[in-house]
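Each chain, written out:
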Amino acid sequence: MAMKSFGYDFLKRNILNIILTIGVPLSLWFYFQRDIKEITITYESNTPVVSVNNSLSQGISISYNSIPIESMNVLTFLVSNSGNRPIEKSSYDKPVSIIFNNETPDNPIITKKLPEQLDPILSLDKQSELKISPLLLNPGDCFEFRISLVNAKSQKPSFKVDGRIVGVPRIIIKDNSDSKSIFSVFSTIYLNVAISMVALLITMASGVKVLMNFLKYNISKNAIEKTIIAGKNINITPEIRSYSKNLAERLNIQRYDVKSNLLMLRIKIEDLVNELVRMHGGDSGKKSYSIAAKIRNLAQKEVVPYEMVSAINDILPAINGELHNNFSYINNTSFETIQEIALNVVSVLESKLLSANESRKISSSICLDDKNISNNKYD
């Protein structure tokens with residue numbers, strides 16, 4: 001099996017969250033910083049002013065500028081620089097114009113403009129064409145105008161937009177005159193805010209995930225490093241080393257995965273400590289009586305050497321950290337070292353337990369011999 005470092009393993013397991021944490025803000029930044037030269041003409045409303053084009057209007061005659069008409073509609077348009085680059089007056093190769101099909105526009109009037117210094121000039125160049133004279137439009141600049149349409153052939157007048165501007169691939173046309181969609185209410189700025197909010201939520205969620213995993217990784221890494229240092233301080237005699245080797249074969253360590261091995265060794269350590277405490281008069285029944293307190297108590301009674309206290313206090317957090325994580329941050333080398341230390345700890349504890357059992361048997365045997373001698377004395 002290939003050996004991998006802690007950092008490499010962390011990056012590999014968190015690569016998606018790291019990409020989302022860093023990539024989403026960068027993508028958003030490039031999205032808003034990209035050069036967009038864009039002009040939008042929005043068809044906002046169509047208001048019928050008068051109509052005598054039905055069966056109930058017989059005998060009614062209406063004139064506009066001394067010319068008889070059958071209907072008149074007032075249309076409202078908004079012209080805006082929807083990009084983030086200015087459109088200079090010199091950029092117009094062909095002025096922007098709105099061409100109506102088979103209808104006669106009249107009386108264009110500017111109703112709103114932003115900024116107030118904006119000075120758009122509208123003119124009826126031909127019978128059915130409204131021309132917008134070239135003008136400087138900075139990002140966000142816009143103006144609204146209305147125009148009367150005489151004798152419209154349909155309820156929804158048809159038109160097309162013409163013009164050519166350097167750097168503007170096409171003039172965008174939006175129709176908000178009869179849209180029922182809620183999205184038609186929102187301008188480009190609201191859409192950008194929505195995109196930013198979604199990106200921010202994704203970034204925060206991914207960032208928190210990466211931070212939590214990094215904290216777990218760092219805790220696990222520090223615990224493993226402390227365990228390895230503590231393991232070097234254990235006095236491993238040739239007998240203990242041989243016992244550990246036999247123990248690994250007896251437990252058939254090689255057939256299990258990392259987490260299964262650590263779980264098995266942790267249970268083994270805890271059981272042995274509890275048994276030693278029981279044999280030496282400790283209170284193993286208290287819930288607050290932790291393994292760390294138990295092994296410290298055993299060391300104070302000289303049942304186990306003091307180096308076992310630091311070894312167990314360091315190895316258990318490392319094992320617990322791995323068991324509580326969804327995946328393992330222990331690489332092959334570190335795992336083999338921790339497993340060897342855990343096997344040595346188990347071996348020392350088992351040897352102490354065997355010695356305690358032997359002492360108890362000898363003690364029991366002496367007591368029985370003394371009793372027999374005493375009984376024989378009075379026979």
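Here's a quick rundown of the structure.

Section: the overall build of the protein chain
Thought 1: Looking only at helices and strands, the protein chain has 8 helices and 11 strands in total.
Thought 2: The contacts in the protein chain between residues at least 6 apart in sequence include a share of 79% that link residues at least 24 apart.
Thought 3: Of the roughly 22,900 Å² of accessible surface on the protein chain, 56% is carried by carbon and sulfur atoms.

Observations concerning the pattern of salt bridges
Thought 1: By the definition in use, this model includes 5 salt bridges.
Thought 2: The closest approach of N and O atoms between glutamate 270 and arginine 266, which form a salt bridge, is 2.4 Å. In this pair, glutamate 270 and arginine 266 are both assigned in helix α5 (residues 258–279), 4 residues apart and thus about one turn of the helix distant.
Thought 3: The closest approach of N and O atoms between arginine 278 and glutamate 275, which form a salt bridge, is 2.2 Å. You can see arginine 278 and its partner glutamate 275 sitting in helix α5, 3 residues apart, about one turn around the helix.

Some thoughts on the sheet that holds strand β5 (residues 92–100)
Thought 1: Reading across from one edge, β7-β8-β5-β10 is the order of the 4 strands in this open sheet, with antiparallel pairing throughout. Both edges of this open sheet fall to β7 (122–126) and β10 (159–165), since each of them pairs with a single strand only. Geometrically, the sheet is characterised by an average inter-axis angle of 25° between neighbouring strands, direction not taken into account.
Thought 2: Here β5 runs beside strand β8 (residues 129–132); their pairing, made up of 4 bridges, is antiparallel. Residue pairing for β8: serine 97 is matched across the bridge by lysine 131.

Thoughts on unusual backbone geometry
Thought 1: Looking along the chain, the bond that leaves leucine 114 and enters proline 115 is cis, with omega of 5°.
Thought 2: Following the sequence through the fold, proline 115 ends up in the loop between β6 (104–114) and β7.
Thought 3: Positive phi outside glycine occurs at asparagine 107, with the angle close to 55°.
Thought 4: Relative to the elements of secondary structure, asparagine 107 occurs in strand β6.
Thought 5: Residue glutamate 302 is not a glycine yet carries a positive backbone phi of 65°.
Thought 6: With respect to the helices and strands, glutamate 302 occurs in the loop between α6 (291–300) and α7 (307–324).

Let's talk about empty space enclosed by the protein
Thought 1: In the structure shown here, the tally under the stated rule is 1 cavity of 30 Å³ or more.
Thought 2: There is about 40 Å³ of room inside the largest cavity.
Thought 3: Every residue along the wall of the largest cavity is listed here: Ile39, Val79, Tyr92, Val96, Ile132, Ser133, Leu135, Leu137 and Phe143.
Thought 4: Among the residues forming the lining of the largest cavity, the class breakdown is 8 nonpolar, 1 polar and no charged.

How each quantity is defined
Residues numbered from 1 in each chain as written. Predicted model: local features only at pLDDT ≥ 70, side-chain atom pairs only at ≥ 80, totals over all residues. Heavy atoms only, no water. Helix = DSSP H or I, 4+ residues; strand = E, 2+ residues; numbered from the N terminus. Contact = heavy atoms within 4.5 Å. Areas by Shrake-Rupley, 256 points an atom, 1.4 Å probe, with all protein chains shown as cover. Salt bridge = Lys/Arg side-chain N within 4 Å of Asp/Glu carboxyl O. Pairing = 2+ DSSP bridges. Axes fitted to C-alpha atoms, helices over the stretch in contact; angles between N-to-C directions. 1 Å grid on protein atoms, 1.4 Å probe; cavity = no way out; pocket = protein on both sides within 12 Å on 5 of 7 lines; lining within 4 Å. Points joined across faces, edges and corners; volume = space filled by probe spheres on them. Nonpolar A, V, L, I, M, F, W, Y, C, P; charged D, E, K, R; others polar.

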